[in-house]
Amino acid sequence: MTKFFLTTLVIGGLSVAAAADANAWTRSATANGPRGTSSVNVTGGCANGSCSRNVTRTGPAGNTYTRTGTVSR
């Protein structure tokens, strides 16, 4: 489970860096733990002075969490 959280933090950091450099991007990761497999998929992009990001996390029990955000200048 710790590996999953570390992977998520790394992806979050890469997401912020990638949003400044690219118009569209995708990141994903999967972690296996004692309770099962967890995954995270992140997409984002920038256009016309605003950047957006969509994150979907799925836990080992199949629960899904989605978060979206947009930042404008």
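Residues numbered from 1 in each chain as written. Predicted model: local features only at pLDDT ≥ 70, side-chain atom pairs only at ≥ 80, totals over all residues. Heavy atoms only, no water.

*Asks:* Just checking my understanding: could you explain the sheet that holds strand β4 (residues 64–72) for this structure?
*Replies:* Where strands meet in a sheet, backbone hydrogen bonds hold them as pairs that are either parallel or antiparallel. Strand order in the open sheet formed by four strands is β1-β2-β3-β4, with antiparallel pairing between adjacent strands. Each of the sheet's edge strands pairs with one partner strand only, and the pair in question is β1 (24–33) and β4. Pairwise comparison of adjacent strand axes, ignoring direction, gives a mean angle of 10° for this sheet. When strand β2 (residues 36–47) meets strand β3 (residues 50–58), the two strands line up antiparallel, connected through nine bridges. Across the sheet, A47 pairs through a bridge with S50, a residue of β3. (Pairing = 2+ DSSP bridges. Helix = DSSP H or I, 4+ residues; strand = E, 2+ residues; numbered from the N terminus. Axes fitted to C-alpha atoms, helices over the stretch in contact; angles between N-to-C directions.)

*Asks:* Is there a simple way to explain the state of the cysteines in this structure?
*Replies:* Each disulfide consists of a covalent bond between the sulfur atoms of two cysteine residues. All told, the structure shown has one disulfide when counted by the stated rule. Disulfide pairing is shown between C46 and C51; the S-S distance is 2.1 Å. Disulfide C46-C51: torsion about the S-S bond near 110°, hence right-handed. Under the relative-accessibility criterion, C46 is labelled buried at 17%. The exposure class of C51 is partly exposed, given its relative accessible area of 27%. (Disulfide = S-S within 2.5 Å. Buried < 20%, exposed > 50% of the residue type's maximum accessible area, 1.4 Å probe, protein only.)

Any link to function would need more than the numbers given here.
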